[in-house]
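# Notes for the structure review
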Amino acid sequence: MITSNLNLAIHELVNDGIVAIPTETVYGLAGNARNETALRKIFILKNRPFYNPLIVHIRSSAYLNTVAQNIPEIAMKLARHFWPGPLTLVLEKQMDISDLVTAGKNTVAVRVPNHALTLELLNQLEFPLAAPSANPFGSISPTSAQHVQNYFGKKLKVIVEGGNCERGIESTIIGFEENQPVLYRHGSISMEEIEKVAGSVKVIVKNEHDPQAPGMLSRHYAPITTTYLTNNVPELTKQFPQKKIGVLMFKDSIKAKGIAKVEVLSEAGNIQEAAKNLYAALHRLDKANLDLIIAERFPNEDLGRSINDRLERAIKKG
Ligand code: TXA
Ligand code: MG
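Cut-offs applied
- Residues numbered from 1 in each chain as written.
- Chains lettered and ligands numbered in written order.
- Predicted model: local features only at pLDDT ≥ 70, side-chain atom pairs only at ≥ 80, totals over all residues.
- Heavy atoms only, no water.
- Helix = DSSP H or I, 4+ residues; strand = E, 2+ residues; numbered from the N terminus.
- Rg over C-alpha atoms; globule rule 2.2 N^0.38 Å.
- Buried < 20%, exposed > 50% of the residue type's maximum accessible area, 1.4 Å probe, protein only.
- Contact = heavy atoms within 4.5 Å.
- Areas by Shrake-Rupley, 256 points an atom, 1.4 Å probe, with all protein chains shown as cover.
- Lys, Arg positive; Asp, Glu negative; His and termini not counted.
- Charge placed at Lys NZ, Arg CZ, Asp CG, Glu CD.
- Domains from an automatic or database assignment.
- Buried area = accessible area lost by both parts, 1.4 Å probe.
- Salt bridge = Lys/Arg side-chain N within 4 Å of Asp/Glu carboxyl O.
- Polar contact = N/O pair within 3.5 Å; in protein donor to acceptor, adjacent residues only side chain to side chain.
- Core = buried A, V, L, I, M, F, W, Y, C linked by side-chain atoms within 4.5 Å.
- Pairing = 2+ DSSP bridges.
- Axes fitted to C-alpha atoms, helices over the stretch in contact; angles between N-to-C directions.

Okay, the overall build of the chain next. Scanning the chain for helices and strands turns up 11 helices and 15 strands. Computed over its C-alpha atoms, the radius of gyration of the chain comes to 19 Å, within 12% of the 20 Å expected for a compact globule of 318 residues. By principal-axis analysis of the C-alpha atoms, the chain measures approximately 60 × 45 × 35 Å. The buried share of the chain, taken over its 318 residues, is 56%. Residue pairs at least 24 apart in sequence account for 65% of intrachain contacts in the chain once pairs closer than 6 positions are excluded. Accessible surface, the chain: about 14000 Å² in total, of which carbon and sulfur atoms supply 47%. Between the centroid of the 36 positive side chains of the chain and the centroid of its 32 negative side chains there is a distance of 6 Å.

See the structure below:
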């Protein structure tokens, strides 16, 4: 059920249930991060492999030391600058954080989400919330309550209605190796913004199947419809003369034979607006009974890097 009644969500959560919550990035599938029954339910509902660790959501940076320890000063600086917001920090975990959350690693991923309803929820709970994105493993992340409902239907008793997600792409994940920041996932905060605060950042974003970096699986964020990514949409369109094509463009629309549906992410050419609209546009294209989707590659800077990363993972290989 989609509802804005937080009491219904609280009731579920304190009874080891799971609920969908809105955040500024994407909707999450949340459960008590300190309860293994709830944690197991998250993995089972998502069909997520247990080697893929979860992000812990806390109400403010004052609670960071309840889940993490030996926090580098540079991490504190990033937290002060970006929280609440779409930055996830990978830190040495506190002893009592479950192996289900961390996939047995000694690090924990943590963030303070920037959404009024979810902050209110966290304030009313005595435990942090573990929450991956609220989509079945490998599929497109949800940016509205309706997307979550479409995926899980009656399997989820409570979906908290929090409107369309403001940022629309998952959080940027930063870890620390020898106290130096390392970017593990491009996300809603661009690398340029991170570097303004943290200095130069090493990028270790994996593309191949790798249980060490499951968020980076290649076939992730993927529509069911076969999807291509190109610098030249008109050229590629010509290669599929008999097909019903859907097109995903940054700012300019396009008309050509075979193109049945066009999604323009930001007519104004605003990269933030494009990021916000990306997943909803992919959801619509995926539901439009098309033979294929052709997406335009974005300029590889700022949030364009994050959008390209998600589009790369949406395409079928081979
Ligand atoms: O914006 C977001 O981050 C959303 C909202 C709901 O907060 N959550 C999200 O969760 O995107 P999820 O599970 O779809 O992606 C979390 C990623 C995982 O794929 C995993 O690779 C990475 O975070 N992660 C979690 N714990 C980690 C750890 N200890 N070390 C390295 N990566 C970790
Ligand atoms: Mg996800």
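More follows now that the structure is in view.
The next point concerns the domain arrangement of the chain. As assigned here, the chain comprises domain 1 (2-203) and domain 2 (227-314). Taking only C-alpha atoms, the centre of domain 1 and the centre of domain 2 are 28 Å apart. Between domain 1 and domain 2, roughly 1600 Å² of surface is buried when both sides are summed, and carbon and sulfur atoms account for 57% of that area. On the domain 1 side of the interface with domain 2, the three residues burying the most area are I140, I169 and H186, jointly 35% of the side's total. Our count for the domain 1 to domain 2 interface comes out at 3 salt bridges. With its nearest N and O atoms 2.6 Å apart, the salt bridge here joins E192 to R305. Here domain 1 and domain 2 share 9 residue pairs in polar contact (both at pLDDT 80 or more) between them. Secondary structure elements with two or more residues in the side of domain 1 that touches domain 2: α7 (145-152) and α8 (191-198).

On to the nonpolar core, then. Across soluble globular proteins, you tend to see nonpolar side chains buried next to one another. Of all hydrophobic cores here, the largest spans 47 residues; its most connected members are L78, W83, L87, L89, L156 and I194. In terms of nonpolar packing, the next biggest core, distinct from the first, is built from 23 residues, I169, L282, A295 and L311 among them.

A separate point is the sheet that holds strand β12 (residues 227-230). Strand order in the open sheet made by the 4 strands is β12-β15-β13-β14, with parallel pairing throughout. In this open sheet, the two strands that pair with only one neighbour each are β12 and β14 (259-264). Geometrically, the sheet is characterised by an average inter-axis angle of 20° between neighbouring strands, direction not taken into account. Sheet analysis places strand β13 (residues 245-249) next to strand β15 (residues 292-296), joined by 4 bridges and oriented parallel. Within the sheet, the bridge partner assigned to G246 lies in β15 and is I293. Sitting on the sheet, helix α10 (residues 271-286) is in contact with β13, β14 and β15, with an inclination near 175° to β13. Relative to β12, helix α11 (residues 303-314) is tilted by about 140°, and along the sheet it contacts β12, β13 and β15.

Before going further, it helps to spend a moment on the pattern of salt bridges. As enumerated under the stated definition, the model contains 15 salt bridges in all. Two residues, R40 and E36, come together in a salt bridge whose shortest N-O distance is 3.9 Å. On the criterion of helical spacing, the pair formed by R40 and E36 is a turn pair, its members being 4 residues apart in helix α2 (residues 36-46). The partly exposed category is assigned to E36, whose relative accessible area is 38%. The shortest N-O distance in the salt bridge between R313 and D309 comes to 2.7 Å. In this pair, R313 and D309 are both assigned in helix α11, 4 residues apart and thus about one turn of the helix distant. Comparing R313 with D309, the two get one shared label, buried. Salt bridges sharing common partners tie together E170, D309, R310 and R313.

Bringing unusual backbone geometry into the picture now. W83 connects to P84 through a cis peptide bond whose omega is -10°. Inspection of the secondary structure puts P84 in the loop between α4 (73-82) and β5 (87-92). If you check the backbone angles, N289 has positive phi at about 55° while not being a glycine. Of note, N289 is situated in the loop between α10 and β15.

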